[in-house]
Amino acid sequence: MAAPVPPGAPRPGSNAQQTTPPNFNPNYQPNPNSLADNTQNLNLNRPLSMPNSGPRPFPFGQQRPFPQSAGFPVASQPMARPGLLPAMLGRPAVPPTGPPQSALPANAPPGRPFGPPVSQASPFGSRPPPASLSSTGGSVPPSTALPSSDVPGVGVAPPPPTGARPGPFVSSSPFTSAPGGPLSNGPSAIGSGALPSAARFPPASVSQPPPTMMSARAPAQAPTMHSVLGSSAATSQPAPPMPSASPFSAVPQARPPPPGSLYGPQTWPVQPQQGAQPPVIPGSAQAQPPRMFGMPHQLPNQAMTTIPPAMGQPGAPLSGPSKIDPNQIPRPIPSSSPTVYETRQGNSANPPPPATSDYIVRDTGNCSPRYMRCTINQIPCTADLLTTSAMQLSLLVQPLALPHPSEEPTQVVDFGESGPVRCSRCKGYINPSMKFIDQGRKFICNLCGFTDDTPRDYHCNLGPDGRRRDADERPELCRGTVEFVATKEYMVRDPMPALYFFLIDVSMNAVQTGATAAACSAINQVISDLPEGPQTLVGIATFDSTIHFYNLKRALQQPLMLIVPDIQDVYTPLQTDVIVQLSECRQHLELLLESIPTMFQSSKTAESCFGAAVKAAFLAMKSTGGKLLVFQSVLPSAGIGALSSREAEGRTNISAGEKEAHKLLQPADKILKTMAIEIAEYQVCVDVFITSQTYVDIASISVIPRTTGGQVYYYYPFSAVSDSAKLYNDLRWNITRPQGFEAVMRVRCSQGIQVQDYSGNFCKRIPTDIDLPGIDCDKCILVTLKHDDKLQDGSECAFQCALLYTTVYGQRRIRVTNLSLPCTNMLSNLFRSADLDTQFACFLKQVSSSGQLILPEALKLLPLYNLALIKSTGLWNDGRIDDRSFWINSVSSLSTPLAVPLVYPRMFATHNLDSKEGDESVLPPTIPLSSEHVSDDGIYFLENGEDALIYFGSSVDSSILQQLFGFASVDEVPTQFVMQQYDNPLSKKFNDVVNVIRRQRCSYLRLRLCKKGDPSGMLFFSCMVEDKNAAGPSYVEFLVHIHRQIQMKMS
């Protein structure tokens, strides 16, 4: 399962012996305050007088305050998703040694830190802001977390008028702090006290018993069938008319920005009508609602969907509106507090909480649902039963997902030179579901059923319960997720070093729009976040119609430009000249980045050789592999893979219609795809940052990052004033988030189930494995399953994901994730155990809009999410082609918690924030996405994880406007918005709300102001997915329609 490596790929220093620390954490957190440090990278409200030079204090050298836990090495510390912006995760220059440590002391309160200790300077205390933002900065105290008051404004770009970006980040559940407490740019506390994040490598002197976690799992509720329709009298009189649609529903050109990253955690509690008998339809003799084939008879605590005669009851007409109470139809309801979830209890698996809810996992034999989730938590015994349910059987695997800070860390297990214990037939790894027999001398594989001899040095006697006596002392026998140290058997070459190569567009348009300066400023600021040490390598190049490499060797007085004019038959200078150790070239690199915008300031070259530049950079990285970060601003028009403006051609060809639009969503040709496969073969991961104001053909460009395990970042229309900060923070999170290189992943299943296909950002050369030149905590892989035999009712079906990867420290690891679920022959059990969030994430990845109206408790929101998907950017035929291409590309690696908010964002009222005095949560209640809930005298905040719209009604109180935004009339609403905090309670609360959302989203949130009667107002109302508009029916009409379709089919 070793990563394929091309022959003859030498490495610099490959013969040097690398010191391997005894414990390694891929989710690196170098100091106990890194949670707070991480989230300060938003650079919110920087001071106007902040110096423009001087390195930021490096967040290393902090002693780890946590005790030792059971003697297990730590693989991943309880790293929370960083807040307001992506995290700054420092790394020590040399991994220290010492005994393994736990992540939590026994008495640690379950909170999150609000800032660095007094003794440590904030990493942003001296961070130079981007030059383009120097006029809008604010203040960050150097030794405290960001305060919640006295915060000047920050420049924020308005979102694009016709589309925006879905968020690339996975967000953890929101934990809100007290409104009056200090502001943290990291995840807020979930309880009193602070929980510092653990250091990456613990000191050797701390040792205490392992922490214990109290189970707080709520008792399972009886499944209910949810009623979404109110009863209506069976009379011949016409029913009241349907609710009016949005006044802007007929304006197709005012499409909303695509809903993006995960909004806060959601649990879907029982609606008021649940748990009671359905109402009897007047005029009927105790008529019973129809049942799906195979569903059990209605139980006293099950509320089946009640269908009025007007909606297709047998004997009633199918036409005419029906009276439905909009307040009773299912909608998402956020949770207020986290729950503790045990993955297994007794000898059975517990169904996981919703992916968008707030939970803390105790790994008791199955993996955390953050790492792997199944669409159905009971596996159908036969393919026919699965077909009858009309649900899909799939896994969503996110092997490096960020854990909750209160969760125990993943343990590292080192079997020495012998390597981990595996089944000799299917090569499955040892796990808690493997059964030992014959006094421990043999074990039965839970995946293939083969009986193997236990290695002599691994033998242990069995206890009275049939388990090994040391099972609870071995992580691989009691934990669903473990990480094994890989032996030489898993390597065909020495692990690769951490190489970062930056490729910057310096064409005339990029320079004039400020995109080049913004990219150079962002790179200059993240240099200190790169891993320290001799293995960290860097390189840089620029391109327009030619390619310019730079020799950064310390021996030179200044960087030397090396020009490659041939962009058809590309070559590269010597690797030793253009790729050097970071420690040797830091000064030259900083000097060069400051000079590049000036060097090309007078350039008149409009062409861009994107494909040739990527090929040249790849040739320089070919012998090592690494990360290639490309900053592109215009349509690639020269050299290898040159593209034409297909969007204009497609728009003029009206007769082609929808068929032509679908062609525009596919790559223009196979040139870039062929190049991407070669790049992936040599373990190079490409990320592309598109800072554009015009069409750039994302459908073609995105082929490269999608094939190499990378990501596309999209800033349209790019504004140097307000987008530079977001560009910097996105780049910083990309570099500092937990990640690995040259990875290979395989999913194994029990007999009777097999993997049908994989979907995501990767390269696949053989059917069983996928190659991931880069893998990080945000990447999610869809694994589609199918039956190849009948399963036994009552047995368990096991799934095991094995990820072989190289850490940023050059260590080879195998992360093994195990999930074992019960099998069933009952159709009702499938619906009862369906995972709504995972099901919808699979629909989204397949860009599917199908759905049957089956409304048990687990699936009651499926119609709403399907309707929102139908109206989403990716399926809107009249939307911009680049917006649709970016949406479709982003969905391919989207994690489960981000799927729902991508199409159904959340909305708050902000004009009455000061009335929420007694509410513990900083965030106000969410509002349904319907124009009926938007009043003319209100101000509303709508966010999708990447962008936010602030809507002003026409009759807003002028005093509220003055307190929040500094202007007295709606007529004064500006087009460009600089967020500021004013000296009043309402402004403070509004800033607190925005900062909490930024922490949850790990994204900067571009803000745009919208007002009624303006195109921006139509953009806001086009986000009201529950209203009827040009993209589809209203939510109520959609429920009526699918009810009728099902009734017709059943009759």
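For the structure, check the block above.
Here the structure is a predicted model, which means the values were calculated and not measured.

Definitions and cut-offs
Residues numbered from 1 in each chain as written. Predicted model: local features only at pLDDT ≥ 70, side-chain atom pairs only at ≥ 80, totals over all residues. Heavy atoms only, no water. Helix = DSSP H or I, 4+ residues; strand = E, 2+ residues; numbered from the N terminus. Buried < 20%, exposed > 50% of the residue type's maximum accessible area, 1.4 Å probe, protein only. Contact = heavy atoms within 4.5 Å. Areas by Shrake-Rupley, 256 points an atom, 1.4 Å probe, with all protein chains shown as cover. Polar contact = N/O pair within 3.5 Å; in protein donor to acceptor, adjacent residues only side chain to side chain. Axes fitted to C-alpha atoms, helices over the stretch in contact; angles between N-to-C directions. Parallel < 35°, antiparallel > 145°, perpendicular 65-115°, else oblique. Left-handed = near helix turned anticlockwise from the far one by under 90°. Core = buried A, V, L, I, M, F, W, Y, C linked by side-chain atoms within 4.5 Å. Pairing = 2+ DSSP bridges. Nonpolar A, V, L, I, M, F, W, Y, C, P; charged D, E, K, R; others polar.

Participant: What's the story with the overall build of the protein in this structure? I'm lost.
Facilitator: When you go through the protein residue by residue, the secondary structure sums to 23 helices and 36 strands. Per-residue burial for the protein yields a buried fraction of 63% across its 1051 residues. In the protein, once contacts between residues fewer than 6 apart in sequence are set aside, the share between residues at least 24 apart is 80%. Only carbon and sulfur atoms are counted for the fraction: they give 53% of the accessible area of the protein, which is about 36,100 Å².

Participant: Got a minute to help me understand the environment of Y940 in this structure?
Facilitator: Inspection of the secondary structure puts Y940 in strand β33 (residues 939–943). Note: C-alpha distance between Y940 and N912 (28 residues apart in sequence) is 10.0 Å. A polar contact is formed between the side chain of Y940 and the side chain of S935, at a distance of 2.9 Å.

Participant: How should the packing of helix α5 (residues 515–526) against helix α14 (residues 720–736) be read in this particular structure?
Facilitator: Each packed pair of helices is defined by two parameters, the angle between the axes and the distance between the axes. At a closest axis distance of 9 Å, the pairing of α5 and α14 adopts a crossing angle of 40°. One element, α5, and the other, α14, form an angle in the oblique class. The crossing of α5 and α14 is right-handed. The residues of α14 that touch α5, namely those facing A518, A519, A522, I523, Q525 and V526, are S724, L727, Y728, L731, R732 and I735.

Participant: What should I look at first to understand the nonpolar core in this one?
Facilitator: In globular proteins that are soluble, nonpolar side chains generally tend to be buried together. I379, L395, M745, F799 and F1020 are the most contacted members of the largest nonpolar core, which has 90 residues in total. Of all hydrophobic cores here, the second largest spans 51 residues; its members include L499, A541, A617 and L643.

Participant: Got a minute to help me understand the sheet that holds strand β9 (residues 372–374) in this structure?
Facilitator: Consider a sheet: its strands pair through backbone hydrogen bonds, and that pairing is either parallel or antiparallel. Reading across from one edge, β9-β11-β28-β26 is the order of the 4 strands in this open sheet, with antiparallel pairing throughout. For this open sheet the edge positions go to β9 and β26 (753–759), each flanked by a neighbour on one side alone. Strand-to-strand, the axes of this sheet are offset by a mean angle of 25°, without reference to chain direction. In the sheet, β26 pairs with strand β28 (residues 781–787) via 6 bridges, with the strands oriented antiparallel. Residue pairing for β28: Y758 is matched across the bridge by V783. Lying over the sheet, helix α16 (residues 836–845) contacts β9, β11 (394–397) and β28, oriented at roughly 90° with respect to β11.

Participant: Even after reading the chapter, I still don't get the packing of α16 against helix α19 (residues 896–903), so can you show me in this structure?
Facilitator: Between α16 and α19, whose axes approach to 8 Å, the crossing angle comes to 65°. Put simply, α16 runs roughly perpendicular to α19. Two packed elements cross with a definite hand, and for α16 against α19 that hand is left-handed. Where α16 approaches α19, its residues D837, T838, F840, A841 and L844 are matched on the opposing element by T896, A899, V900, L902 and V903. Residues that form the contact of α16 with α19 fall into these classes: 7 nonpolar, 2 polar and 1 charged.

Participant: Honestly, the sheet that holds strand β14 (residues 442–444) in this entry has me stumped. Any pointers?
Facilitator: Pairing is antiparallel in the open sheet, where 3 strands are placed in the order β13-β14-β15. With partners counted over all chains shown, the strands left at the sheet margins are β13 (435–437) and β15 (451–453), one partner each. Taken pair by pair, the neighbouring strands of this sheet meet at an average axis angle of 30°, ignoring direction. Relative to β14, β13 runs antiparallel, the two being bridged by 3 bridges. In the sheet register, I437 faces β14, and the bridge partner there is K442.

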